[in-house]
Amino acid sequence: QQQVKQSPQSLIVQKGGISIINCAYENTAFDYFPWYQQFPGKGPALLIAIRPDVSEKKEGRFTISFNKSAKQFSLHIMDSQPGDSATYFCAGGGNQFYFGTGTSLTVIP
Amino acid sequence: NAGVTQTPKFRVLKTGQSMTLLCAQDMNHEYMYWYRQDPGMGLRLIHYSVGEGTTAKGEVPDGYNVSRLKKQNFLLGLESAAPSQTSVYFCASSYGRGGPTGELFFGEGSRLTVL
């Protein structure tokens, strides 16, 4: 059973638009929910993260919205840029982390 | 400061051969992890360690063994490689629970092909 479910699998957005990626988790013991960004040939790198006692966290153009009762969280990328084109992974965990299947984002100039 | 270093970066094996992937971190992190990444499957946890001398199974541990004899190193072994183990392997480390952040720091990956 997949611990973290992610959608959509791929996303195409115009430059300046909003990119939205959604995730859902099963385990209520998870206490840390990070988002990772991965470029081809590289390892994932932390983008932004949230703990379940907070409903929203914003860092620049990136915002996590967290709904504890629904066990869902999402990443919003405002004013999307071509340089944001990458694969994005959500994750949840504590001692160990479980990742979603990834979203390939393409931002068209 | 190198962060997380994985060796080798590429390897081709024949079915039944054995090999070891080495992960080294210089951040004095307590926790270390091995993941595999396959198309459409995301990152799946193979094994992890919460400290020197400890290891634990993740989501997909079968066919792999690990050892954490030194805090800075985490080894992933394949005793008898199978084509299903063709993948990109990522090592990661973190401060762990109680640390300043829960962030995982990843290496650049090791691409393994089993023929």
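Below, the structure is looked at part by part. (Residues numbered from 1 in each chain as written. Chains lettered and ligands numbered in written order. Predicted model: local features only at pLDDT ≥ 70, side-chain atom pairs only at ≥ 80, totals over all residues. Heavy atoms only, no water.)

1. Regarding the overall build of chain A
Worth spelling out the cut-off: To qualify as a helix, a DSSP run of H or I must reach at least 4 residues; to qualify as a strand, a run of E must reach at least 2; elements of each kind are numbered from the N terminus. Throughout, radius of gyration means the C-alpha value; the globule benchmark is 2.2 Å times the number of residues raised to the power 0.38. A 1.4 Å probe rolled over the protein chains alone gives each residue an accessible area, and that area as a share of the maximum for its type sets the label: buried under 20%, exposed over 50%, partly exposed in between. Throughout, a contact is declared for two residues whenever any of their heavy atoms are within 4.5 Å.
Assigned secondary structure in chain A consists of 0 helices and 11 strands. Counting helices and strands in the order they occur from the N terminus, chain A gives β-β-β-β-β-β-β-β-β-β-β. Taken over C-alpha atoms, the radius of gyration comes to 13 Å for chain A, in line with the 13 Å a tight globule of 109 residues would show. In terms of overall dimensions, chain A has C-alpha extents of about 40 × 30 × 20 Å along its principal axes. Across the 109 residues of chain A, 47% fall into the buried class. Put simply, 52% of the contacts in chain A that link residues at least 6 apart link residues at least 24 apart.

2. Details of the nonpolar core
To be explicit about the condition: Nonpolar cores are built from buried Ala, Val, Leu, Ile, Met, Phe, Trp, Tyr and Cys residues. Side-chain atoms within 4.5 Å join them into one set.
Counting 24 residues, the largest nonpolar core has W35, F73, L75 and Y88 of chain A as the members making the most contacts within it. Breaking this core down by element, the ones donating at least two residues are strand 2 (10-14), strand 3 (19-25), strand 4 (33-38), strand 5 (45-50), strand 7 (62-67), strand 8 (72-77), strand 9 (86-93) and strand 11 (103-108) of chain A.

3. Notes on the pairing of strand 6 (residues 56-59) of chain A
All names here are of chain A. Here is the rule: Here a strand pair is declared whenever DSSP counts at least two bridges between the two strands.
The sheet contact formed by strand 6 and strand 7 spans 4 bridges and is antiparallel. By the bridge assignment, E59 is partnered in strand 7 with F62. Taking the residues that link successive antiparallel strands as the turn, the strand 6-strand 7 hairpin has 2 residues, and the phi of G60 there is positive, at about 65°.

4. With respect to the interface of chain B and chain A
Note the following rule: Each of two parts loses accessible area, computed with a 1.4 Å probe, when they are put together; buried area is these two losses added. Take a side-chain nitrogen of Lys or Arg and a carboxyl oxygen of Asp or Glu: if they are within 4 Å of each other, that pair is a salt bridge.
Facing 20 residues of chain B, the contacting portion of chain A comprises 19 residues. Taken together, the two surfaces of chain B and chain A that pack against each other cover about 1,800 Å², and 52% of this comes from carbon and sulfur. Summed over the three residues of chain B that lose the most area to chain A, namely L43, R97 and E108 of chain B, the buried surface amounts to 27% of that side. Counting across the interface, chain B meets chain A through 1 salt bridge. Between E108 of chain B and K42 of chain A there is a salt bridge, and its shortest N-O distance comes to 3.4 Å.

5. Section: the state of the cysteines
One covalent bond between the sulfur atoms of two cysteine residues makes up a disulfide. Residues and elements named next belong to chain A. Note the following rule: Defined by distance alone, a disulfide is two cysteine sulfur atoms within 2.5 Å.
For the structure shown, the criterion picks out 2 disulfides over all chains. C23 shares a disulfide with C90; S-S distance 1.8 Å. Disulfide C23-C90: the torsion about the S-S bond is -95°, which places it as left-handed. On the criterion of sequence distance, the pair formed by C23 in strand 3 and C90 in strand 9 is long-range, its members being 67 residues apart. For C23, a relative accessible area of 3% translates into the label buried.

6. Concerning the sheet that holds strand 7 of chain A
All names here are of chain A. This is how it is decided: Axis definition: a line fitted to C-alpha atoms, limited for helices to the stretch in contact. Angles are taken between N-to-C directions and run from 0 to 180 degrees.
Spatial ordering of the open sheet is given by 1-3-8-7-6, a layout of 5 strands whose pairing is antiparallel. This sheet does not close on itself; its edge strands, each paired only once, are strand 1 (4-7) and strand 6. Pairwise comparison of adjacent strand axes, ignoring direction, gives a mean angle of 15° for this sheet.

7. Quick notes on the pattern of salt bridges
All names here are of chain B. Across all of its chains, the model carries 6 salt bridges over all chains by this definition. The shortest N-O distance in the salt bridge between E30 and K71 comes to 2.9 Å. With a gap of 41 residues between them, E30 in the loop between strand 3 (19-25) and strand 4 (31-38) and K71 in the loop between strand 7 (65-67) and strand 8 (73-78) connect regions that are remote in the sequence. Classification of E30 by relative accessible area gives partly exposed; the value is 32%. Within the structure, one salt-bridge network assembled from shared partners comprises R36, D38 and R44.

8. Some words on the sheet that holds strand 7 of chain B
All names here are of chain B. On the basis of which strands lie adjacent, the open sheet formed by 4 strands has the order 1-3-8-7 and antiparallel pairing. Of all the strands in the sheet, the pair left with one neighbour each is strand 1 (4-7) and strand 7. If you compare each strand with its neighbour and ignore which way they point, the axes differ by 20° on average.

9. What about the layout of surface pockets?
The method is simple in principle: a probe with the dimensions of a water molecule rolls over the atoms, and the space it marks as empty is what remains. Using the following cut-off: Think of a 1 Å grid over just the protein atoms. A cavity is a set of points where a 1.4 Å probe fits yet cannot get out, a pocket is an open set with protein on both sides within 12 Å along at least five of seven lines, and lining residues have an atom within 4 Å of a point. Grid points are joined across faces, edges and corners, and a volume is the space filled by probe spheres set on the points. Gly is put with the polar residues, along with every residue not named as nonpolar or charged; the nonpolar set is Ala, Val, Leu, Ile, Met, Phe, Trp, Tyr, Cys and Pro, and the charged set is Asp, Glu, Lys and Arg.
Put simply, the largest pocket is a space of about 720 Å³. Taken together, 29 residues line the largest pocket, and the ones lying closest to its centre are Q38 of chain A together with Q37, V88, F90 and R111 of chain B. Taken together, the elements giving at least two residues each to the lining of the largest pocket come down to strand 9 of chain A together with strand 4, strand 9 (87-94) and strand 11 (110-114) of chain B. In terms of residue count, strand 11 of chain B provides more of the lining of the largest pocket than any other element does, 4 residues in total. Of the residues belonging to the lining of the largest pocket, the class tally is 9 nonpolar, 15 polar and 5 charged. For the second largest pocket, the calculated volume is near 170 Å³. Lining the second largest pocket we find Q1, Q2, Q3, V4, Y98, F99 and T101 of chain A together with M41, L43, R44, E59 and V60 of chain B. Counting only elements with at least two residues in the lining of the second largest pocket, the list comes to strand 10 (97-99) of chain A together with strand 5 (42-49) of chain B. Taken together, the residues of the lining of the second largest pocket break down into 6 nonpolar, 4 polar and 2 charged.

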